[in-house]
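In case you want the letters, here they are:
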Amino acid sequence: MLSGDLARKLPFRVSPAALGTGISRETLQRAILLGSALAAWQWVTPLLIRTGPDIFPLPRDVMAGFATLLPSRDFWVSVGTSVGRVLTGFGLATVIGATLGMGMGASPRIEALVDFTVETLRPLPAMAWIPIAILWFGVGNTSSVFLVTLGAFFPIVINSAAGVKATGRAYQKAALTMGAGRFLRFRRVTFPGALPYLLLGCRIGLGVGWMVIVSAEMVVAHSGLGFLIMKARSFA
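Residues numbered from 1 in each chain as written. Predicted model: local features only at pLDDT ≥ 70, side-chain atom pairs only at ≥ 80, totals over all residues. Heavy atoms only, no water.

Trainee: Run through the pattern of salt bridges, naming residues and quoting values.
Mentor: Within the structure shown, the criterion is met by three salt bridges. For Glu217, the salt bridge goes to Arg85, with nearest N and O atoms at 2.9 Å. Of this pair, Glu217 sits in helix H10 (residues 182-220) while Arg85 sits in helix H5 (residues 73-106), and the two are 132 residues apart along the sequence. Of the two residues, Glu217 and Arg85, neither departs from the other in class, the shared state being buried. For the salt bridge of Lys165 with Glu111, the shortest nitrogen-to-oxygen distance reads 2.4 Å. One end of the pair, Lys165, is in helix H8 (residues 141-166); the other, Glu111, is in helix H6 (residues 108-121), and 54 residues separate them in sequence. (Salt bridge = Lys/Arg side-chain N within 4 Å of Asp/Glu carboxyl O. Helix = DSSP H or I, 4+ residues; strand = E, 2+ residues; numbered from the N terminus. Buried < 20%, exposed > 50% of the residue type's maximum accessible area, 1.4 Å probe, protein only.)

What follows is the structure in structure tokens.
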């Protein structure tokens, strides 16, 4: 069967190009947009402003600098340190946030107890906690992990609570009618229904964690990518 005929028979819209070549139209459009932006950065920007490795580096300068970092042991040690901190903080945020969020979604009492605190602290950026992190944990690994955990925590807890609330009560009542206990209802109804929301919160939280770690390491750490950036800046 031809790829175009297959695409027309599917219950959802699929580009024939995606079936035939493995590259969808959206992917091609994104590649063209990215290439156009890089080309404009490389050849149009020097016509408008002053550029240079120390002022406004061009893509060529960035690639040259990255190539010099690749053989460096310090670079890979910094990458490993930052990745370890992000994964540790993200793991803590996932465990704590998912547990608290599902509790908030399932129990009105828990929500009434902690919702005000969560909603009060949620708008604060993680970087605003840097002075407190230094006071509590000093300058080092613990402060960085704490800031990553804090940044990733709120998207996870909010989405987990929303996922539990979005699970239809009809399913809960049906499971209860069939004799399912509280744990079985959670395992077979609540958790599967909330899982897409939880994964969305984890996706957002992981992105926030990556944003936080570089900024945090510039201030509260003596290692990692953020510290490497500040170290390179001081010798520029």
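Trainee: So what's going on with the packing of H5 against H8? Residues and values would help.
Mentor: Contact pair H5 / H8: the axes reach a minimum separation of 6 Å and the direction vectors enclose 30°. The angle between H5 and H8 falls in the class roughly parallel. Between H5 and H8 the crossing geometry is right-handed. Of the residues that constitute the contact of H5 with H8, the class distribution is 18 nonpolar, 10 polar and two charged. (Axes fitted to C-alpha atoms, helices over the stretch in contact; angles between N-to-C directions. Parallel < 35°, antiparallel > 145°, perpendicular 65-115°, else oblique. Left-handed = near helix turned anticlockwise from the far one by under 90°. Nonpolar A, V, L, I, M, F, W, Y, C, P; charged D, E, K, R; others polar.)

Trainee: Before we move on, could you go through H6 and cite the residues and values that matter?
Mentor: If you check H6, its first and last C-alpha atoms are 20 Å apart, about what 14 residues at 1.5 Å a residue would give, namely 20 Å. Of all the bends in H6, the largest measures some 45° and sits at Val114. (Expected span 1.5 Å × (residues − 1). Bend = angle between axes of the 7 residues up to and from the residue.)

Trainee: Tell me about the side chain of Ser144, and name the residues and values.
Mentor: For Ser144, the location among the structural elements is in helix H8. Among the residues examined, Ser144 registers a relative accessible area of 0% and is labelled buried.

Trainee: Before we move on, can you summarise the layout of surface pockets with the specific residues and values?
Mentor: Counted as a void, the second largest pocket has a volume near 540 Å³. Lining of the second largest pocket is provided by 17 residues; of these, Pro53, Gly65, Leu69, Ile229 and Ala232 occupy positions nearest its centre. Secondary-structure elements contributing two or more residues to the lining of the second largest pocket are helix H4 (59-69) and helix H11 (225-234). Here the lining of the second largest pocket gets six residues from one element, more than from any other, and that element is H4. Here the lining of the second largest pocket is composed, by residue class, of 12 nonpolar, two polar and three charged. (1 Å grid on protein atoms, 1.4 Å probe; cavity = no way out; pocket = protein on both sides within 12 Å on 5 of 7 lines; lining within 4 Å. Points joined across faces, edges and corners; volume = space filled by probe spheres on them.)

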